[in-house]
Amino acid sequence: MQACRQGHLALLGGSRVQVAVIGAGIVGVTTAYELAVLGHEVTVFERRASVAAETSFANAGVIAPGYVTPWAAPGMPWKVLSHLLSRDAPVRFGGLGALAEVPWIWHWLRACRPRVHVANRTAMQNLARFSRDRLQELTLALRLDYEQASGYMVLLRTARELKTSQRGLALLRDLGVTHEVIDANRCRQIEPALSPAATLHAAIHLPQDGVGNCRQFAHLMKAEAQRLGASYRFDSDVQTLKPGSRPTLRTHRGEELSFDAVAICAGVQANTLLKQVGLKLPLAPVYGYSVTAPVRHLDGHAPLGPRSALMDERYKVAISRLGQRIRVAGSAELGGRPADMKMAALRTLYRVLDEWFPGSTVTREAQHWKGARPMLPDGPPVLGDSGAPGVWLNLGHGSSGWALACGSARVLAERISGREAPIDTSRLGLQRLR
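Computed from a predicted structure; not experimentally measured.

> Even after reading the chapter, I still don't get the overall build of the protein, so can you show me in this structure?
Helix and strand content of the protein: 12 helices and 19 strands. Taking 2.2 N^0.38 as the reference for a compact globule, 434 residues should give roughly 22 Å; the C-alpha atoms of the protein span a radius of gyration of 21 Å, in line with that estimate. Taken along the three principal axes of its C-alpha coordinates, the protein extends 65 × 50 × 45 Å. Burial statistics for the protein: of 434 residues in total, 57% are counted as buried. Restricting the contact set of the protein to residue pairs at least 6 apart, pairs at least 24 apart contribute 75%. Averaging the positions of the 52 positive and the 35 negative side-chain charges in the protein gives two centres separated by 4 Å.

Shown next as structure tokens:
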């Protein structure tokens, strides 16, 4: 690791380049680490008191590159409309607040065109595979333990759901993603705690994918970056940003600081800063929900619940095993508010968990969470040069932030270092949104 760092310092002429990272969610934390590895002098600004305190706090934890795909897809508008009156709708609108997102919805509708969707899907999945490889490299090299487990199953309740999944299966084959379609008996061999009473026709099993605790990983990355010299400034809300050869930022405390480069990784809070540098991105919060509860242990029996991660295809709800806890996550709410917890969304999560793993958790100790996923209407994040001097972007990962974070961080760190990106980023820049 030290040799790698010294080599990149030589590429930079031996100088320590000062970089500010705004935001310490999973995207900002991994970006800070990769910049530190490449020899930069890194300062992270975070408005909360800790890393991974917002969108990265309690996500599903699933890492499945083959299933990283744009929400904007052919047929999706009709699916969304058909779900509007369903009590267990995977997509919801947060009342009148959704009216403010009408421009975003218009961009999303245009991105559902087949040719646009294919290009965006390919870009996201290439980034997801690269990100998974980088995550595995870091896990092995740094000997990280973040409650990770291998294996991911997409549960299909009926023959019709299996038939509907054929297009997705063809894509997995085209991408070379290791997978197999298995029957209900095989499903229950892999996940023996699945309820025998649940209706289960088949599943798509992806043995190389899996689950991990995103928040725990973020804390580990913070510590590793600090060992390389990175510093973190918590409770520091960056309120203004001026681009230039030495971009300058000002915090809510009145501090004014200049750097050689600034990387904006602040999720939906980035919109204010983007306007100050002349950018207006269609970046909107799409809220997700999760329930996390301790695993119930029965005397003389193995713990209940899943061994790794599963997805209920009908309701788009993930069920994940994170150490001695189970997390159920899902829903996509557009136009909502952070503090307005929709009980209907939580009831869907509890219902899906109870169907597949009845009695598996200590529900009286459950924690409820709602987080704003920073989503661009066409799917892929924006990654690279902002066009404003000294300002770089790592934004808009939506519900795939955990799956894309390590790869996005490495790409941006290489670009800031003046090197070529390790993957094709032609669909990850600003030009596609103009």
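> Looking at this structure, I do not really get the nonpolar core. What am I missing?
Among soluble globular proteins, nonpolar side chains are generally buried collectively. By size, the foremost hydrophobic cluster in this structure holds 55 residues, and its most contacted members are Phe217 and Tyr232. Contributions of two or more residues to this core are made by strand E1 (18-22), helix H2 (26-37), strand E2 (41-45), helix H5 (114-142), helix H9 (214-227), strand E12 (261-264) and helix H12 (401-416). The greatest single-element share of this core, amounting to 9 residues, is contributed by H12. Apart from the residues within four sequence positions on either side, Tyr232 is in contact with Ala24, Val29, Ala32, Val44, Val51, Lys222, Ala225 and Gln226. Formed by 26 residues, the second largest nonpolar core is a distinct cluster that contains Met153, Ile190, Val291 and Leu353.

> Sorry, what's going on with the pairing of strand E18 (residues 382-385) here?
Note on strand geometry: in a regular strand, side chains alternate between the two faces of the sheet. Examined bridge by bridge, E18 and strand E19 (residues 391-395) share 4 bridges and lie antiparallel to one another. Residue pairing across strands places Asp385 opposite Trp392, the latter belonging to E19. As consecutive antiparallel partners, E18 and E19 are separated by 5 residues, and within that stretch Gly387 has a phi angle of approximately 95 degrees, a positive value.

> Explanation requested: the sheet that holds E2 in the structure shown.
What links the strands of a sheet is backbone hydrogen bonding, and the strands pair in either a parallel or an antiparallel sense. The 6 strands are arranged E8-E2-E1-E12-E19-E18 in an open sheet whose pairing can be described as mixed. Whereas interior strands pair on both sides, the edge strands pair on one side only; in this sheet they are strand E8 (231-233) and E18. Neighbour-to-neighbour, the strand axes of this sheet turn through a mean angle of 20 degrees, independent of strand direction. Contacting E1, E2, E8 and E19, H2 runs over the sheet at an angle of about 170 degrees to E1.

> Would you take a moment to explain the environment of Pro243 for this structure?
Positionally, Pro243 belongs in the loop between strand E9 (238-242) and strand E10 (248-251). The class of Pro243 is partly exposed, set by a relative accessible area of 34%. When neighbours within four sequence positions are excluded, Pro243 is seen to be in contact with Val277, Ala388, Pro389 and Val391.

What counts as what
Residues numbered from 1 in each chain as written. Predicted model: local features only at pLDDT ≥ 70, side-chain atom pairs only at ≥ 80, totals over all residues. Heavy atoms only, no water. Helix = DSSP H or I, 4+ residues; strand = E, 2+ residues; numbered from the N terminus. Rg over C-alpha atoms; globule rule 2.2 N^0.38 Å. Buried < 20%, exposed > 50% of the residue type's maximum accessible area, 1.4 Å probe, protein only. Contact = heavy atoms within 4.5 Å. Lys, Arg positive; Asp, Glu negative; His and termini not counted. Charge placed at Lys NZ, Arg CZ, Asp CG, Glu CD. Core = buried A, V, L, I, M, F, W, Y, C linked by side-chain atoms within 4.5 Å. Pairing = 2+ DSSP bridges. Axes fitted to C-alpha atoms, helices over the stretch in contact; angles between N-to-C directions.

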